[in-house]
Number of protein chains: 2
Amino acid sequence: MPIAMVMAEASARRGVEILCIGTELLLGNILNSNARWLAEELAALGLPHYRQTVVGDNVERLKESVLEAVDRSRILITTGGLGPTPDDLTTETLAAAFDTPLEERPELWLEIQAKLTAGGSISAISNRKQALFPRGAEILPNPSGTAPGMIWCPRPGFTVITFPGVPSEMKQMWSQTAVPWLRQHGGVADIFVSRLLRFTGIAESTLAEEVSDLLEQSNPTVAPYAGLGEVKLRITARGATVEQARQLLDPVDAELRHRTGLFCYGSDDESLASVVLDLLRQRGETVVVAESCTGGGVGAALAAVPRASEVLLGGVIAYSNAIKQALLGISTDLLHQHGAVSDPVVRAMAEGARQRLGADWSIAVSGVAGPGGGTQAKPVGLVHIAVAGPHGCQASPVQFGVRRGRLAIQELSVVRSLDLLRRFLLDGS
Amino acid sequence: MPIAMVMAEASARRGVEILCIGTELLLGNILNSNARWLAEELAALGLPHYRQTVVGDNVERLKESVLEAVDRSRILITTGGLGPTPDDLTTETLAAAFDTPLEERPELWLEIQAKLTAGGSISAISNRKQALFPRGAEILPNPSGTAPGMIWCPRPGFTVITFPGVPSEMKQMWSQTAVPWLRQHGGVADIFVSRLLRFTGIAESTLAEEVSDLLEQSNPTVAPYAGLGEVKLRITARGATVEQARQLLDPVDAELRHRTGLFCYGSDDESLASVVLDLLRQRGETVVVAESCTGGGVGAALAAVPRASEVLLGGVIAYSNAIKQALLGISTDLLHQHGAVSDPVVRAMAEGARQRLGADWSIAVSGVAGPGGGTQAKPVGLVHIAVAGPHGCQASPVQFGVRRGRLAIQELSVVRSLDLLRRFLLDGS
C-alpha cells in the first residue's frame, strides 16, 4: 500500500508513541533523555503524543509492547536496540512481530564495513546484522554511526520508525530524515507555540483557583506544574501558523499576568535570580549577600546566571557568630540580646554587608535549618530574611515548618530572599 | 483479602511496573528523573522491574494503562497527579478503574489544612480532594507536602503504590514507608543488601576497566553509574539472610576500595562535603571558604550537611576584585600582575581567608565560568583551586572545557575543591 493511502486511514488512531528499548533504562543506569528530547520535538511539530514506554532488551516483552501500540497509535518511534551485540533485538523482533522476513541490504553492509574501517575498527561479523531489515522497510540513514534505522509500515495506518539509542546519532537522523518524512506523511496539520509563566509566593491550589476558568480552555490550554518554592503555568496555543498561534497565546499570557500581579516573576528560562539581576542591571545597581543558614546558597543562585558579575559583588558567609561580628559588624550585645536568628540581627547583617562591601542592595538570611538546633521559641524551619537598599530595610520572618528537611529549608530560604528583593525593587522604592 | 494472602498469589505475575503521570513529561518539559531514581531503587531492592510507562493527565488513557498493568504485574508504582488541581487525576481514576468509591479521610484533611497554614498559605477548598482515597486503601504519608499517596490492593495479587511527582517528596515517602512495606510484602524472597561506593577524579570508563572482572560477577553484582563529577559503583549481594548477603558483599567492597585507593571517597549517603566535614570534625579543626566563580557554592555544599556548623565557620564570596582586596587582603599588585584567575591569587585568597577568619583550613576558588569572559590564555572552563592548612597551601589549575556550560563548570569546581581538601587531609599532612 502506498504511504499516502496508509496515512489517509491514520486519523482513526490516536497519534504517536515512543518506545525506548534498553535494560540500562530499567536498571536506572541512565536518564531517559531521548524520550524527553523526542517529546519536545513532537510537541514542536504539533504531533499529538500520548504515551511513552520503556522495556528491556527482551524479545517477548518488546514484541508485546509493539503489538499493543498497533491498536492505539499510528506512529511508533523506537530508540535503542539497533547495535551489533546479541542484546540488540529491535529490528528482528519487529520483523517477527509482523511475520515479515529479514533481508540483507548488500549496499548497507558495504557502507557499514567502510565506516568501521574508516573509524579504525575492524568490521566484526556481528555488525552484519545491522544490514538486515524487514522486507518493504525504508532505510533511515545514520550518517555518523553503524546502526541505520528504518521507516516501516507493517500494517495499514501504522508506521514504526526506529532509531539507535545513542543520542547524537538519534538526533541527527531525526532532523535529517524523520522530520521531513513526518511533515510530509505524519499528519502534521497545526503549529503549536507554548510559554511557561513562573510564579512564587503562591500555592499551586490558590493559583489554580485564581485562574480556574482559563485552565478549562482548549486553545490555548493552560496547565499548572508545581516545584519547590515555585509554581508554573504552561500556555500552549495551536494555530495554522506560528503567527496565528501567538495571537491566541498572547492575550491569555497578559490575562494571567494581570490576574496574578507580582506573584508572576518571569517566564520560560528566567529564574528568580536572573530576574533580580536584570532589575538591578537596568538600574545600574549592585548587590551583596550576608548568609548564615544558607551558607552561600543565595550567592551561588545569583552567580549561576551568566553576567552576574556586572551586578553581584560578592558577600559574606557568616555561619559563625565570630564572622558575623568581624566581617559584618554585628555587636556582641545584639547577638546576646536577640540571638543570631532574629529580626534585629538579620537587619544588622543586611545593613552591615551593604555598607562594608559597598553595594546598593543586600540580602541577609539567618535561620534554623535543622535537623538539630531548634528550640520552642525558635523551631527548626524558622528563617529571618532581610533586604536593605538605598531607601531602607525590609525584614520578614518565615516559618517553613519543621518537617521540611534541611535542604528544602535552605532552598526555600534562597527563593524567599530573592523574592523579597524582587518585590522591594518592584514596588518598594 | 489480607495482604499476606494477596502476596502469596503474586508469583504468577511478573514483577513491578512504573507509571509516570503528567502531560509535562509528554510535552518534553521535564526529564523523567523520577523513573530513573525509582528504577535504581528497585534494582537495589532486587525487585524485578520490566516496564515503565508515561501517560498524560488524561482519565481515559490513565485508566487504560492501569488496567493493562493489572494483567502483567503485581506491583504498580505511580508518580504524579496527586496535586489539588483539576488535572491531578490519579487517585480518582484509580478508584474508578476498580469501581471503588472515594472516601474522605477527615484526619488527613485536618493535617493538610495545618500544613498549608504552617507554610503561610491559605488552605484552598481544592486541597480537600487530596484527602479523598478509595475505600480500603492504606495511606502513604507525605511528611513534607500536602499530597499523601496510598498503598492499595484493588485486586488479588495487584498492589498500586502512588507518589506525588515532586521528587523530594516522592523520595522521602519511598524511603520512609514504601521500602519497609516492599521488604515485608513485596515478594522479595531473597534478601538483597546493597552498597553504593562513590568515586571522584576518575572517569567511568577507566574505573570500569580497573574493575572489569568484578563487573561480570553475578553475586554480588557490581554496576557502574556516572554522575556529574562522580562515578558510583553499586554492589548488590543476594542471600537468605542479611548476614549472608553482607558476607558476600564485604569482600567485594574491600577489594574495590583496595584497587581504587583515594578515588573512592565514601559510600551510600555520604557526600564529598560530609566526608570532608567528618575528617575535620575528627581532628577538631575548622574550615572557611573564599569563593569567586562558584559564588558561594562550596559554602552551600558544606552547609547542606547537618551539623556543618561545628566545622564550617563561614567565608567570603569574593566575586568582585574590590571584595578580594577588602576582605581577603589581596594586593592590587598581585591582581594586576597575574589576574584574578591565577595560581598566586587563589593561593592568596586561601591564605587570606584562613588567617583573617581564624580557621584551620580554607578552600579558595577562582575561575572563568563563562559563557563570556574567556581569553586565549584563560579560556572559559579554567578554574584555579587552592587549599590552605596548618602546614601550607596546595593549589591546582583545572580545565573543565569550554563546552561544559556555566552551571557544570561551577558544580565541578565545587566537587574538585572539596576533593582537593579531602586528599590534603588524608595524605598531605
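Residues numbered from 1 in each chain as written. Chains lettered and ligands numbered in written order. Predicted model: local features only at pLDDT ≥ 70, side-chain atom pairs only at ≥ 80, totals over all residues. Heavy atoms only, no water.

An account of the nonpolar core is needed here, citing residue identities and associated values.
A:Leu302, A:Leu421, B:Leu302 and B:Leu421 are the most contacted members of the largest nonpolar core, which has 84 residues in total. Look past the residues within four positions of A:Leu302 in its chain and what remains in contact with it is A:Ala273, A:Leu277, A:Val287, A:Val289, A:Ala308, A:Leu312 and A:Leu418. (Core = buried A, V, L, I, M, F, W, Y, C linked by side-chain atoms within 4.5 Å. Buried < 20%, exposed > 50% of the residue type's maximum accessible area, 1.4 Å probe, protein only. Contact = heavy atoms within 4.5 Å.)

Tell me what's going on with the layout of surface pockets, and back it up with residues and numbers.
The space that makes up the second largest pocket amounts to roughly 940 Å³. Lining the second largest pocket are 37 residues; nearest its centre among them are A:Tyr50, A:Phe192, A:Thr221, B:Thr23 and B:Leu27. Elements supplying a minimum of two residues to the lining of the second largest pocket: helix H3 (33–45), strand E2 (49–55), strand E10 (221–227) and strand E11 (230–239) of chain A together with helix H2 (23–26) of chain B. The element best represented in the lining of the second largest pocket is E10(A), accounting for 5 residues. Of the residues in the lining of the second largest pocket, the class split is 17 nonpolar, 12 polar and 8 charged. (1 Å grid on protein atoms, 1.4 Å probe; cavity = no way out; pocket = protein on both sides within 12 Å on 5 of 7 lines; lining within 4 Å. Points joined across faces, edges and corners; volume = space filled by probe spheres on them. Helix = DSSP H or I, 4+ residues; strand = E, 2+ residues; numbered from the N terminus. Nonpolar A, V, L, I, M, F, W, Y, C, P; charged D, E, K, R; others polar.)

Could you give an account of the confidence of the model for chain A, naming the residues involved and the relevant values?
Across chain A, the average pLDDT comes to 90, with 95% of residues at 70 or higher. Contacts for the low-pLDDT stretch residues 1–12 of chain A, under 50 throughout, to residues beyond four places or in other chains number 17 contacts. (pLDDT = per-residue confidence, 0-100.)

Talk me through the pattern of salt bridges; I want residue IDs and the actual numbers.
Applying the stated criterion across every chain, the model contains 47 salt bridges over all chains. Put simply, A:Arg259 and A:Asp213 hold a salt bridge, and the shortest N to O gap is 2.8 Å. Note that A:Arg259 is positioned in helix H10 (residues 242–260) and A:Asp213 in helix H9 (residues 212–215), a separation of 46 residues in sequence. We note a salt bridge from B:Glu230 to B:Arg198, for which the minimum N-O separation is 2.9 Å. A residue pair is termed long-range when its members are at least 10 positions apart, and B:Glu230 in strand E11 (residues 230–239) and B:Arg198 in strand E9 (residues 191–199) qualify at 32 residues. (Salt bridge = Lys/Arg side-chain N within 4 Å of Asp/Glu carboxyl O.)

Give a description of the sheet that holds E10(A) that names residues and reports values.
Residues and elements named next belong to chain A. The strand order across the open sheet built from 4 strands is E10-E11-E9-E12, with neighbouring strands paired in antiparallel fashion. A strand with exactly one partner marks an edge of an open sheet, and here the two such strands are E10 and strand E12 (264–267). Taken pair by pair, the neighbouring strands of this sheet meet at an average axis angle of 25 degrees, ignoring direction. Pairing analysis gives 9 bridges linking strand E9 (residues 191–199) to E11, with the strands arranged antiparallel. Its bridge partner lying in E11, Ser194 is registered against Thr236. Those strands touched by H10 are E9, E10, E11 and E12, and its axis lies near 15 degrees from that of E9. (Pairing = 2+ DSSP bridges. Axes fitted to C-alpha atoms, helices over the stretch in contact; angles between N-to-C directions.)

Go over the sheet that holds strand E13 (residues 287–291) of chain A, please, and point to the residues and values.
If you trace the 10 strands from one edge of the open sheet to the other, you get E17(A)-E16(A)-E15(A)-E13(A)-E14(A)-E14(B)-E13(B)-E15(B)-E16(B)-E17(B), paired in mixed fashion. The strands lining the two open edges of the sheet, one partner per strand, are strand E17 (392–399) of chain A together with strand E17 (392–399) of chain B. Between one strand axis and the next, the sheet turns through 15 degrees on average, direction left out of account. Taken together, the 8 bridges between strand E16 (residues 382–389) of chain B and E17(B) define a ladder with antiparallel strand orientation. When the sheet's bridge partners are listed, B:Val387 is paired in E17(B) with B:Gln394. Sheet strands touched by helix H16 (residues 406–427) of chain A: E13, strand E15 (361–367), strand E16 (382–389) and E17 of chain A. Its angle to E16(A), the strand with the most contacts, is close to 30 degrees.

Before we move on, could you go through the environment of A:Leu196 and cite the residues and values that matter?
Residues and elements named next belong to chain A. Within the secondary structure, Leu196 sits in strand E9. For Leu196 and Val59, which are 137 residues apart along the polypeptide, the C-alpha to C-alpha distance reads 41 Å. Contact partners of Leu196, with chain neighbours within four places excluded, come to Lys232, Leu233, Arg234, Gly266, Ser267 and Asp268.

Which residues make up the domain arrangement of chain A, and what values go with them?
Domain boundaries assigned for chain A yield domain 1 (3–185), domain 2 (191–267) and domain 3 (272–427). Here the C-alpha centre of domain 2 of chain A lies 35 Å away from the C-alpha centre of domain 1 of chain A. (Domains from an automatic or database assignment.)

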